[in-house]
Each structure stands twice: as C-alpha cells, then as structure tokens.
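Here are the chains, one letter per residue:
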Amino acid sequence: MTILAKIVQEKRIETARSKEALPEKLLKERVINRQYNTDLADKLPAGPRGSFKKALAAPGISLISEVKKASPSKGIFKKDLNPVETALIYERAGAAAVSVLTDTKFFQGSLQDMVAVKSAIALPVLRKDFIIDAYQLYEARYYGADAVLLIAAILDNAHLQNFIHLAHELGLDALVEVHSKGELQVALDCGAEIIGINNRDLETFKTSIATTMELAQYIPDSCILVSESGISTYEDVKELASVGVDAILVGEALITSPDIEGKVKELLEGYAPGGYPL
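Overview of the structure. (Residues numbered from 1 in each chain as written. Predicted model: local features only at pLDDT ≥ 70, side-chain atom pairs only at ≥ 80, totals over all residues. Heavy atoms only, no water.)

The full count for this structure, using the stated rule, is 16 salt bridges. Taken together, the shared-partner salt bridges in this structure form one network comprising Lys-11, Glu-14, Asp-103, Arg-127, Asp-129 and Glu-139. (Salt bridge = Lys/Arg side-chain N within 4 Å of Asp/Glu carboxyl O.)

If you want it as structure tokens, here you go:
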C-alpha cells in the first residue's frame with residue numbers, strides 16, 4: 001500500500017471518530033448559524049478576515065508559507081516547532097497566506113494549530129489536509145479556515161465538483177491540487193478557480209518543479225496558478241514565474257531554515273540572509 005493510500009485509509013477512520021465527537025448535524029447547524037469554535041483560542045473571528053484568492057492574485061509571486069512539523073517521507077523537520085511563532089514570522093516577512101497542516105498521524109499537525117494560527121495573524125489561512133468527506137469542509141469553516149486543499153488524486157469527479165461548490169457556499173476558497181494533465185483537466189471541468197500543481201508525486205513522494213513547468217501551459221488565464229512542493233531557491237521561483245505561476249506554496253525550505261524570515265525574503269526578493277543580493 002502506498003503512503004497516500006495509507007493516509008486516506010487513516011483519514012476515513014479519523015473522520016468517523018470526529019463525527020462521533022461532534023455529530024455532523026450539530027456541526028452543520030453551528031456553521032450555518034455562525035457559531036464558530038471558541039474552545040481553542042481566546043478569540044476566533046466570526047468569518048474570514050481576508051480572501052485567500054485575492055491574496056494570491058496580487059501582482060508578483062505570492063507566497064503561501066506552511067506550518068509543517070513533519071512529513072511521512074522525511075520525518076520531523078523541527079521537533080520544537082511553535083505554529084504561532086512561525087506564522088507570525090511568515091506574516092512579518094511578507095507571506096501572502098499561511099498553510100497549516102492539520103493531519104496528526106502523518107504530519108503531526110492539528111486543527112488546534114490552525115485555530116491558534118488563525119487567531120494570531122491577519123493573513124488568510126489554508127487548511128491543508130486530505131479531505132475526503134464533506135464533514136471536513138464544515139469542520140474547516142468551524143475551526144476558522146479561509147481556504148481548503150482539495151486533492152484531485154484522492155477524489156472522484158463527482159466528489160471534487162461537489163466539494164468545490166460546497167466550499168464556496170461555506171465562504172471557503174478551494175485550492176485544487178493536481179499532478180498530471182489528466183487531473184488538471186478534471187479539476188478545470190469541475191470548476192476549479194485556483195489550481196495547485198504539486199511537484200511531489202504522491203505515490204513516490206519525489207519532487208521536481210519540472211512538473212509545474214510542463215503543466216503550466218495548460219492553465220487558462222482565468223485561473224490562479226500555484227506551484228507546490230520542492231521549491232527552495234530564488235532560482236526556482238524565477239523559473240516558475242517565467243511560466244506564469246501566481247503563487248508558491250513552501251514548507252520544508254522555510255521550516256528547516258535557521259533564518260526563516262531571511263529565507264522568505266530570499267525566495268520573494270532574491271536576497272540571501274543578511275540582506276545581500278543573490
């Protein structure tokens with residue numbers, strides 16, 4: 001069984017447990033009545049404070065910086081990672097949005113991390129998880145997300161289309177992730193407006209920005225194009241910008257840097273830590 005298959009299998013079990021703890025009917029009622037979660041932070045706004053989509057559509061390359069403690073392929077990146085402190089650094093350094101891993105078993109994240117980050121920063125927040133059930137969309141809204149990740153590789157056409165529509169109904173932007181031309185066509189047919197090209201093969205977990213370079217030509221101008229994974233240098237960013245990428249999603253390269261703020265500025269502005277031009 002591949003890592004992706006194991007993650008999806010575990011996610012079904014995890015979602016079933018969540019439904020036992022907070023029944024779907026009650027969760028939906030709370031979201032519809034704008035009774036959002038207040039148990040995990042002193043103050044959680046009653047609605048999104050910023051548009052994820054608009055943040056990515058700003059001129060130049062926008063950065064979605066990721067709060068990511070670990071991955072199933074590489075283990076722990078930073079044992080003592082503080083999600084809030086990290087998100088505040090991202091915000092200060094010029095990120096356009098923050099992505100928070102909420103998967104616990106494989107990435108050591110949590111919904112609590114997302115709520116804490118959301119309550120601390122003014123940037124739009126993306127819930128990054130393996131969404132396979134409509135319950136998780138209501139859950140994302142309940143816990144303060146502004147956007148969700150939808151992965152084409154784990155959803156059939158009907159579910160992907162329904163989840164995109166439901167996300168919009170709930171006031172969430174949907175970043176639809178693809179890794180092949182076939183998945184890209186499905187995403188477009190289902191109404192995706194923000195396309196994320198994952199440079200990581202979810203079967204092997206190997207990365208190459210060549211994936212974005214190859215698929216970018218098929219993205220219509222009406223869509224926002226995000227390149228995800230395997231981006232670590234200013235040269236990578238320049239290459240991606242040359243094919244029309246609007247935003248980049250970066251986690252590992254930032255989390256593992258001894259100077260996170262400097263690394264953000266390097267990626268966005270071409271300055272190495274210390275302020276020296278590359």
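Let us look at helix 1 (residues 3–21). With 19 residues, helix 1 extends 27 Å from end C-alpha to end C-alpha; this agrees with the ideal 27 Å at 1.5 Å per step. When we look at burial in helix 1, the residues that qualify are Leu-4, Ile-7, Val-8, Glu-10, Lys-11 and Thr-15. The inward-facing, buried residues of helix 1 abut helix 6 (134–142). (Helix = DSSP H or I, 4+ residues; strand = E, 2+ residues; numbered from the N terminus. Expected span 1.5 Å × (residues − 1). Buried < 20%, exposed > 50% of the residue type's maximum accessible area, 1.4 Å probe, protein only. Contact = heavy atoms within 4.5 Å.)

Turning to the state of the cysteines, a few remarks are in order. For the coordinates displayed, the defined rule picks out zero disulfides. In this structure Cys-190 is a free cysteine whose sulfur lies 12 Å from that of Cys-223, the closest cysteine sulfur available. (Disulfide = S-S within 2.5 Å.)

What follows covers the nonpolar core. Grouped together as the largest cluster of nonpolar side chains are 92 residues, with contacts concentrated most on Phe-52, Tyr-90, Val-98, Leu-150, Ile-195 and Val-226. Those residues in contact with Val-98 that lie beyond four places of it in its chain are Ile-64, Ser-65, Val-67, Ala-87, Tyr-90, Val-117, Ile-121, Leu-123, Pro-124, Val-125 and Leu-126. (Core = buried A, V, L, I, M, F, W, Y, C linked by side-chain atoms within 4.5 Å.)

Looking now at the pairing of strand 1 (residues 62–67). Counting buried positions along strand 1 yields six of six residues, so the element is predominantly enclosed. Neither face of strand 1 is open: one carries Ser-62, Ile-64 and Glu-66, the other Leu-63, Ser-65 and Val-67, and all of them are buried. Sheet topology note: the strand 1/strand 10 (residues 247–250) ladder contains four bridges and is parallel. Across the sheet, residue Ser-62 finds its bridge partner in strand 10, namely Ala-247. (Pairing = 2+ DSSP bridges.)

Next up on the list: the side chain of Asn-198. Along the chain, the position of Asn-198 falls in strand 8 (residues 194–198). Of the residues examined, Asn-198 reaches a relative accessible area of 4% and is grouped as buried. At a separation of 2.9 Å, a polar atom in the side chain of Asn-198 contacts the main-chain amide nitrogen of Arg-200. Every residue in contact with Asn-198, bar those within four places of it in the chain, is listed here: Glu-177, Val-178, His-179, Thr-211, Glu-228 and Ser-229. (Polar contact = N/O pair within 3.5 Å; in protein donor to acceptor, adjacent residues only side chain to side chain.)

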